[in-house]
Amino acid sequence: MLERVPTGIPGFDELCGGGLLRDRSYLLSGPSGSGKTIFASQFIVNGIEKYNEPGIIIATEERPQHLREHLAVFGWELEKYEDENMLAIVDATSTKIGLPSDERYIDVRPFDVRSLLDQIITIQDEIEARRAVLDSTTSIGFTIGDPAKFRVELLKISTTMEILGLTSILTCEVVEGQSDAISRFGVENFVVEGTIVLYYSKLENTRVRAIEIFKMRGSNHSKKIHPFEITDKGIVVYSREEIF
Ligand SMILES: Nc1ncnc2c1ncn2[C@@H]1O[C@H](COP(=O)(O)OP(=O)(O)OP(=O)(O)O)[C@@H](O)[C@H]1O
Ligand SMILES: [Mg+2]
């Protein structure tokens, strides 16, 4: 029996047999503003609050201080978890854009997957995390450039996470309008055990949010597209409703 890691996101786990598979990596893709960062962070916060599992967030696009502030509106106190050694946030943003950083964990430049993995290994010695988020893979893809090389580097990242005992979510930005696109470079979904897609589509004069489990190895999952909302407590998936 494969062990499940509940995301704790209301409505989501029942779509996929109780949660993600332990020590596997998942891709979470969607256009800008679709809720990737909130979903991935909620997975980490629930791990800490509900399941006593420490987490790691590698932020490549958003500076950690902004992330802490944005997520505080949902009542998630990242700083407190960091102080308790339940959470580590890696600042992989500041040095990339040439800004100094006084964060505890800073990724070096030029970007190099090996040094990122060394950083994660160091953090593991300190907090023994069980969950990790890499937000996002897309900026790493642009740094590497070549899709074939990017695919190998992503495989290195996901495999290392698995070996380190981390159940992980890797986010991926897709371009709006390319409604069938599930990844940016066309390679990301091949290196993971599952792909979750977030939609943020125009329906008449409003936008609706929806979620689809596109692939999940080892799971009998919902094949439907379900609506979700971002509430003041985070994401809520309406697992009994469908969107066409
Ligand atoms: N407190 C809140 N209540 C409701 N909706 C919110 C709240 N905070 C943020 N949102 C919505 O969530 C969106 C941002 O979600 P998120 O940052 O997770 O998107 P993303 O997919 O990571 O985008 P990007 O690819 O640009 O990083 C905002 O544009 C807003 O619509
Ligand atoms: Mg984001």
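Owing to the predicted nature of the structure, the values given are computational and were not obtained by experimental measurement.

Q: For this particular structure, what's the right way to read the pairing of strand 11 (residues 225-231)?
A: Within a regular beta strand, the side chains point alternately toward one face of the sheet and then the other, so they alternate between its two faces. With three bridges joining them, strand 10 (residues 206-216) and strand 11 adopt antiparallel strand pairing. Opposite Ile211, over in strand 11, you have His226 as the bridge partner. The sheet contact formed by strand 11 and strand 12 (residues 234-237) spans four bridges and is antiparallel. Bridge pairing in strand 12 places Phe228 opposite Val237. Linking strand 11 to strand 12, which pair antiparallel, is a turn of two residues.

Q: Sorry if this is basic, but what is going on with the pairing of strand 10 here?
A: As defined by bridge partners, strand 9 (residues 194-203) adjoins strand 10 across 10 bridges and the pair is classed as antiparallel. Along strand 10, the bridge assignment pairs Val197 with Glu212. Where strand 9 folds back onto strand 10 in an antiparallel hairpin, the turn is made up of two residues, including Glu204, whose phi is positive at roughly 55°.

Q: Whenever I open this one, unusual backbone geometry confuses me. Can you help?
A: Note on backbone geometry: most residues besides glycine have negative phi, and most peptide bonds are trans. A cis amide bond links Asp135 with the next residue in sequence, Ser136, at an omega value of 10°. Tracing the backbone through its elements, the reader meets Ser136 in the loop between strand 7 (131-135) and helix 5 (137-144). The phi dihedral of Asn85 falls on the positive side, at around 60°, and the residue is not glycine. The residue Asn85 is located in the loop between helix 3 (78-83) and strand 5 (87-91) in this model. Among the residues examined, Asn85 registers a relative accessible area of 31% and is labelled partly exposed. Positive phi values are uncommon outside glycine, yet Glu204 reaches one of about 55°. If you trace the backbone, Glu204 turns up in the loop between strand 9 and strand 10.

Q: Mind showing me how you'd approach the packing of helix 4 (residues 113-127) against helix 6 (residues 147-163) here?
A: How two helices sit against one another is set out by the angle between their axes and by the gap between those axes. Between helix 4 and helix 6, the shortest axis-to-axis distance is 10 Å and the interhelical angle comes to 10°. In terms of their interaxial angle, helix 4 and helix 6 are classed as roughly parallel. On the side of helix 4, the interface is formed by Val113, Leu116, Leu117 and Ile120, while helix 6 contributes Glu153, Lys156, Ile157, Thr160 and Met161. Its residues assigned to classes, the contact of helix 4 with helix 6 shows six nonpolar, one polar and two charged.

Q: For this particular structure, what's the right way to read helix 4?
A: Quick reminder: α-helices carry 3.6 residues per turn. Residues three or four places apart thus point the same way. For helix 4, built from 15 residues, the straight-helix expectation of 21 Å at 1.5 Å per residue is met to within 8% by its first-to-last C-alpha distance of 21 Å. Three or more residues of helix 4 are buried, namely Val113, Ser115, Leu116, Leu117, Gln119, Ile120, Ile123, Gln124 and Ile127. Glu128 lies just past helix 4 and shows a positive phi near 50°.

Reading the values: the criteria
- Residues numbered from 1 in each chain as written.
- Chains lettered and ligands numbered in written order.
- Predicted model: local features only at pLDDT ≥ 70, side-chain atom pairs only at ≥ 80, totals over all residues.
- Heavy atoms only, no water.
- Pairing = 2+ DSSP bridges.
- Helix = DSSP H or I, 4+ residues; strand = E, 2+ residues; numbered from the N terminus.
- Buried < 20%, exposed > 50% of the residue type's maximum accessible area, 1.4 Å probe, protein only.
- Axes fitted to C-alpha atoms, helices over the stretch in contact; angles between N-to-C directions.
- Parallel < 35°, antiparallel > 145°, perpendicular 65-115°, else oblique.
- Contact = heavy atoms within 4.5 Å.
- Nonpolar A, V, L, I, M, F, W, Y, C, P; charged D, E, K, R; others polar.
- Expected span 1.5 Å × (residues − 1).

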